[in-house]
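For reference, the chains in residue letters:
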Amino acid sequence: MKKKNIIGIIAGILLFIVTTIFIVILKKIDVIPDKYFMLLVATCYIVTIITDIFLFISSDNIVFKLFKGLAYIVTILMIVGYSCGIYYLNKTTHFMNNLNTIKKEITSYYIIVMKESKYDEISDLYGKNLTYYEGTSQEVLSKIRLELNYSTVKNIDSLKDRLYTAKTDSILVSDPIKEDLEEKYTDFSERTRVLKTIDITKDVEDITKKVSIKNTSFNVLISGMDSYGTINKTTRNDVNMIATINPNTNKVLLTSIPRDYYVQLHGKTGYKDKLTHAGIYGINTVVQTIEDLFGIDINYYVRVNFTTVESLVNTIGPIEIYSDKAMSLDGCKYVVGTNTVNGKCALRFARERHSYVEGDNHRIKNQQEVIKGIFNKLSKSAMVVTDYTSILDSLDGKFATNMDMKDITAFIKYELEDITKYEILDTQVTGTGSMELTYSYPHQKLYVMFPSEQSVESAKEYINKISNEK
């Protein structure tokens with residue numbers, strides 16, 4: 001009579017359960033092409049069944065015992081392997097399910113006082129003076145709910161001047177105006193403090209035109225926001241890049257647009273504006289303004305900010321970028337040639353424009369260098385595998401896209417049918433600088449860039465060429 005083999009039976013059942021869970025989750029993600037998936041399923045279950053046969057049956061035969069011992073080792077390895085696979089798959093599912101589509105946008109306003117002032121909380125300003133830019137939303141003013149002496153200015157620089165010279169006790173500024181003052185006046189952050197933050201939230205409808213990205217060319221707007229922290233804030237869009245992806249020819253065209261491009265903001269009348277100000281009015285204004293400029297459909301968007309870039313580069317390790325100028329910026333040193341940089345220095349390189357005669361036109365080249373550096377690092381298979389979960393963690397909640405899980409998995413599944421390296425091409429539109437009034441700030445002249453019609457037309461032709469290639 002054969003001895004009962006309780007341990008072998010338990011191990012065999014556990015192996016079968018873990019195998020099944022792994023297969024179910026893998027099917028749920030649905031990134032493996034059907035022909036490969038069926039082969040994988042058959043292989044997994046054949047190995048599991050053969051292993052279970054040796055685990056379930058007891059025998060005094062020496063050869064059988066050797067195979068049984070081997071079956072225990074295989075079982076342990078398979079359970080550990082499947083468990084790791086389940087962990088990675090669940091991590092991936094969680095990440096994809098939590099992709100941030102921008103359904104609500106937040107505009108932040110700040111009541112700011114001088115650092116050395118006696119005001120510690122908003123109620124301390126009762127009966128005092130508050131100055132704000134005349135274009136400020138009345139909705140935010142209604143949320144202050146405090147008796148104050150209000151005054152307005154037509155020039156955002158006057159806000160700083162009035163606060164510094166004690167002509168007002170406090171100022172109310174939007175997030176973009178605060179960032180603009182901090183960029184213009186290096187002492188602004190040091191000499192002032194935020195007394196209160198007021199957030200205005202509005203619903204956002206996705207207006208992009210979806211396509212089947214498995215075998216159809218599509219355009220993705222990469223929008224880099226001029227801020228840290230929350231990804232759905234309305235703030236300036238400093239990076240504006242169209243990625244035209246043709247899955248049939250395995251080509252990607254990156255078309256960059258200067259932040260200061262002087263364009264008609266979609267849905268706005270009157271003065272034209274800097275493209276970077278489109279972000280103040282929300283992601284849809286950015287999308288539609290760029291669609292108007294190039295006469296194309298933006299099918300998807302990816303929105304990132306400073307936090308996204310720093311976090312991703314620090315996670316995947318230093319990246320390599322090429323600089324054609326030796327510079328030292330905020331503790332980051334760059335030599336002519338290839339530079340190895342961390343997240344902070346990659347971001348600083350991507351933002352720099354004052355060191356170049358070409359200004360914003362050259363900054364676009366730097367931004368493309370950073371994107372290529374990230375892509376090249378991630379394209380190393382060992383990096384993706386060893387730091388997979390860390391990469392997901394670094395991006396979780398730090399970027400937004402209107403691609404849903406089905407879009408992404410369908411594209412991955414399509415590419416796995418025939419794995420081919422993508423060719424990355426790049427171009428940019430150019431223009432000439434000028435000082436002009438803008439829609440957002442109609443009472444003070446700002447630096448803008450008049451578009452070169454020839455470069456815009458050339459970019460349109462290039463985009464259409466890449467899109468229509470078979």
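See the structure printed just above.
A brief structural summary. (Residues numbered from 1 in each chain as written. Predicted model: local features only at pLDDT ≥ 70, side-chain atom pairs only at ≥ 80, totals over all residues. Heavy atoms only, no water.)

## A few points about the side chain of H362
As for its placement among the helices and strands, H362 is situated in helix α11 (residues 360-378). A polar contact is formed between the side chain of H362 and the side chain of D324, at a distance of 2.9 Å. (Helix = DSSP H or I, 4+ residues; strand = E, 2+ residues; numbered from the N terminus. Polar contact = N/O pair within 3.5 Å; in protein donor to acceptor, adjacent residues only side chain to side chain.)

## Some remarks on the pattern of salt bridges
Under the counting rule described, the total for this entry stands at 23 salt bridges. In this structure, the salt-bridge partner of K209 is E291, at a minimum N-O distance of 3.5 Å. In this pair, K209 is assigned in the loop between β5 (192-203) and β6 (218-225) and E291 in helix α8 (residues 283-294), connecting sequence segments 82 residues apart. Judged by relative accessible area, which is 36%, K209 ranks as partly exposed. What makes E291 buried here is its relative accessible area of 8%. A salt bridge links D426 to K372, with the shortest nitrogen-to-oxygen separation between them at 2.8 Å. Note that D426 is positioned in strand β17 (residues 423-428) and K372 in helix α11, a separation of 54 residues in sequence. Judged by its relative accessible area of 26%, K372 is partly exposed. Taken together, the shared-partner salt bridges in this structure form one network comprising D157, D180, E183, K184, R236 and R353. (Salt bridge = Lys/Arg side-chain N within 4 Å of Asp/Glu carboxyl O. Buried < 20%, exposed > 50% of the residue type's maximum accessible area, 1.4 Å probe, protein only.)

## Observations concerning the sheet that holds β5
Read across the sheet, five strands follow the order β3-β2-β4-β1-β5 without closing on themselves; strand pairing throughout is mixed. Edge positions in the sheet fall to β3 (149-153) and β5, since each of these pairs with one other strand and no more. Strand-to-strand twist in this sheet, taken as the mean axis angle between neighbours without regard to direction, amounts to 25°. Of the pairings in the sheet, the one linking strand β1 (residues 104-114) to β5 comprises 11 bridges and is antiparallel in character. Of the residues in β5, the one forming a bridge with I112 is V194. In this fold helix α6 (residues 175-184) packs onto β1, β2 (129-133), β4 (170-174) and β5, with an angle of close to 110° to the strand it touches most, β4. (Pairing = 2+ DSSP bridges. Axes fitted to C-alpha atoms, helices over the stretch in contact; angles between N-to-C directions. Contact = heavy atoms within 4.5 Å.)

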